[in-house]
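The residues making up each chain are set out below.
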Amino acid sequence: MAQKTVLIVYAHQCAASFNAAARDAAVQELSAQGYRVLVSDLYDMKFRAEATRDDVIGGLKNCELFQYGEETMAAWEEDRLSDDIKAEQKKVTEAELVIFQFPLYWFSVPAIMKGWMDRVLTQGFAFSLQNVYNNGLFKDKKAMLSFSTGAIQTMYQPDGINGDINVTLWPLQNGILHFCGFQVLAPQIFWSPAHSPHAARAAMLEGWRARLRGLMAEKPLSFAPCELFNLSFQGGFLMKPEARKDQEANPYGLTTGHHLGKPLPPDNQTRAGPTLKK
Ligand code: FAD
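Small disclaimer: the values here were computed from a predicted structure and weren't measured.

Conventions we followed
- Residues numbered from 1 in each chain as written.
- Predicted model: local features only at pLDDT ≥ 70, side-chain atom pairs only at ≥ 80, totals over all residues.
- Heavy atoms only, no water.
- Near = heavy atom within 4 Å.
- Polar contact = N/O pair within 3.5 Å; in protein donor to acceptor, adjacent residues only side chain to side chain.
- Areas by Shrake-Rupley, 256 points an atom, 1.4 Å probe, with all protein chains shown as cover.
- Nonpolar A, V, L, I, M, F, W, Y, C, P; charged D, E, K, R; others polar.
- UniProt positions renumbered as here; feature names shortened; annotations may be inferred.
- Helix = DSSP H or I, 4+ residues; strand = E, 2+ residues; numbered from the N terminus.
- Patch = residues over 30% accessible without salt bridge, like charges linked within 9 Å, V, L, I, M, F, W, Y side chains within 5 Å.
- Salt bridge = Lys/Arg side-chain N within 4 Å of Asp/Glu carboxyl O.
- Buried < 20%, exposed > 50% of the residue type's maximum accessible area, 1.4 Å probe, protein only.
- Axes fitted to C-alpha atoms, helices over the stretch in contact; angles between N-to-C directions.
- Parallel < 35°, antiparallel > 145°, perpendicular 65-115°, else oblique.
- Left-handed = near helix turned anticlockwise from the far one by under 90°.
- Contact = heavy atoms within 4.5 Å.
- Phe/Tyr/Trp six-rings, centres within 6.5 Å; stacked < 30°, edge-to-face > 60°.
- Lys NZ or Arg CZ within 6 Å of the ring centre and 35° of its normal.

A.B. asks: It is not clear to me how the site of the ligand should be interpreted in this structure. Could you clarify?
C.D. replies: Every one of the 20 residues lining the ligand counts as a neighbour, but His-12, Leu-104, Trp-106, Phe-107 and Ser-148 are closest to it. Separating an oxygen atom of the ligand from a side-chain N or O atom of Asn-19 is a distance of 2.8 Å. In this structure, Arg-201 approaches the ligand through a side-chain N or O atom, which is 2.9 Å from a nitrogen atom. Taking 1000 Å² as the accessible area of the ligand by itself, protein coverage stands at 67%. Residues of the shell around the ligand, tallied by class, amount to 12 nonpolar, seven polar and one charged.

What follows is the structure, encoded as structure tokens:
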């Protein structure tokens, strides 16, 4: 039987960093479980972040009006994407789990990692208009964010100065990972390692190792299934009236994004939840 593969997409400039230690812990623990672990060390690879015309080999479909999404979709179909994109797509194809390991930058991933997402997750390869969210092309794969923050945990509470971390994570976890179909595992958040004593940092890494031992058996986060929505331009891709009616008695919104004007479902983007009914 083929060896199962995990891909770690890693973005930190320094081998002595806390993020490097978190990456190393994942490589060790997953290798010990028999996984083949691939690491894309983006800064070391000098991975290009900008989505440009250079990503397409050969002629363009429309030179007058360059549309990156259209051109890369055609290039993917015709095997004309640049070699660095193709190499990363091959790793994603082989992986059953993709872990993104990074320091939080401006409430998001570092630019080099966002560039990886922009360039590698091309239309056709990572999604199609018919295949998104729970019907997405990667629905048999898992993905997760593993990141450190500068801020302490209370700063990312709903009443903390940075606001609710669940809101911060919604665009990355729903808008990118789940959009491509990935089952999204709860994020691994290392709160403020730089402002923690050594023993606390060591405990964070030990907690991560313990989690990695059971990671593959974890339930994913809850997202709203496509079947709840009217999937047409005429219908505005809005939630169907019967689905809205089903939600009337729920004191909370359905997900962080689909809050329906109600209080957010607690921890929707940070803890595994029930599979939502289609
Ligand atoms: P490091 O500084 O590398 O490590 C922290 C400590 O851990 C160091 O003392 C290191 O020696 C030690 N360490 C390394 N290995 C180990 C080990 N094996 N065991 C124990 N200790 C170890 N933060 C936010 O919260 N929100 C933001 O929006 C945000 N935006 C940012 C934007 C930019 C452009 C930048 C530069 C920073 C931003 N930050 C933000 C802060 C950033 O997220 C943190 O600086 C980062 O997460 C810290 O992680 P690190 O790996 O760089 O830590």
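A.B. asks: Help me understand the UniProt feature "domain: Flavodoxin-like fold" (unreviewed entry) in the protein, please; the structure alone is not making it clear to me.
C.D. replies: Under the UniProt annotation, the feature "domain: Flavodoxin-like fold" (unreviewed entry) is placed at residues 4-212. Helix makes up 36% of residues 4-212 and strand 16%, whereas the separation of the span's terminal C-alpha atoms amounts to 15 Å.

A.B. asks: Quick question: what am I supposed to make of a nonpolar patch on the surface here?
C.D. replies: On the surface, Leu-231, Phe-233 and Phe-237 cluster together into a nonpolar patch covering about 380 Å² of accessible area. Structurally, Leu-231 is set in the loop between helix 6 (198-214) and helix 7 (241-246). With a relative accessible area of 53%, Leu-231 lands in the exposed category.

A.B. asks: So what exactly am I meant to see when it comes to the packing of helix 1 (residues 18-32) against helix 6 here?
C.D. replies: The relative placement of two packed helices is expressed as an angle between their axes plus a distance between the axes. Relative orientation of the contacting elements helix 1 and helix 6 amounts to 30 degrees, with a least axis distance of 9 Å. On the basis of their axis angle, the class for helix 1 and helix 6 is roughly parallel. Like other packed secondary-structure pairs, helix 1 and helix 6 cross with a definite hand, here right-handed. When helix 1 is examined against helix 6, the residues Phe-18, Ala-21, Ala-22, Ala-25, Ala-26, Gln-28, Glu-29 and Leu-30 are found in contact with a partner set consisting of Arg-201, Met-204, Leu-205, Trp-208, Arg-209, Leu-212 and Arg-213. Across the contact of helix 1 with helix 6, the residue classes break down as 10 nonpolar, one polar and four charged.

A.B. asks: Sorry, what's going on with the packing of aromatic side chains here?
C.D. replies: Under the definition given, this model contains 13 aromatic pairs. Centroid distance Phe-18 to Phe-190: 5.2 Å. Interplanar angle 70 degrees. Geometry classified as edge-to-face. Remark: Phe-190 occurs in strand 6 (residues 188-190) and Phe-18 occurs in helix 1; sequence separation between them is 172 residues. For Phe-190, a relative accessible area of 1% translates into the label buried. Taking 5.2 Å as the distance between ring centres and 90 degrees as the angle between the ring planes, the aromatic pair formed by Tyr-133 and Phe-179 counts as edge-to-face. Remark: Phe-179 occurs in the loop between helix 5 (165-178) and strand 5 (183-184) and Tyr-133 occurs in the loop between helix 4 (111-120) and strand 4 (142-148); sequence separation between them is 46 residues. In this structure an aromatic cluster arises from ring pairing among Phe-18, Phe-190 and Trp-208. The ring of Tyr-10 is capped by Arg-23, whose NZ or CZ atom sits 4.4 Å from the centre of that ring.

A.B. asks: What should I look at first to understand the pattern of salt bridges in this one?
C.D. replies: Should their charged atoms come close, side chains of opposite charge can pair. Per the stated rule, a full pass over the model turns up 18 salt bridges. Here Arg-209 makes a salt bridge to Glu-29, at a shortest N to O gap of 3.1 Å. Residue Arg-209 is located in helix 6, and its partner Glu-29 is located in helix 1; the two are separated by 180 residues in the primary sequence. Residue classification places Glu-29 among the buried positions, given a relative accessible area of 11%. With a shortest N-O distance of 3.0 Å, Lys-90 and Glu-94 are connected by a salt bridge. One end of the pair is Lys-90 and the other is Glu-94, both in helix 3 (residues 83-94) and four residues apart, which spans about a single turn. Relative accessible area serves as the criterion here: at 53%, Lys-90 is assigned to the exposed category. Look at the salt bridges and you will find they share partners, linking Glu-29, Glu-206, Arg-209 and Arg-213 into a network.

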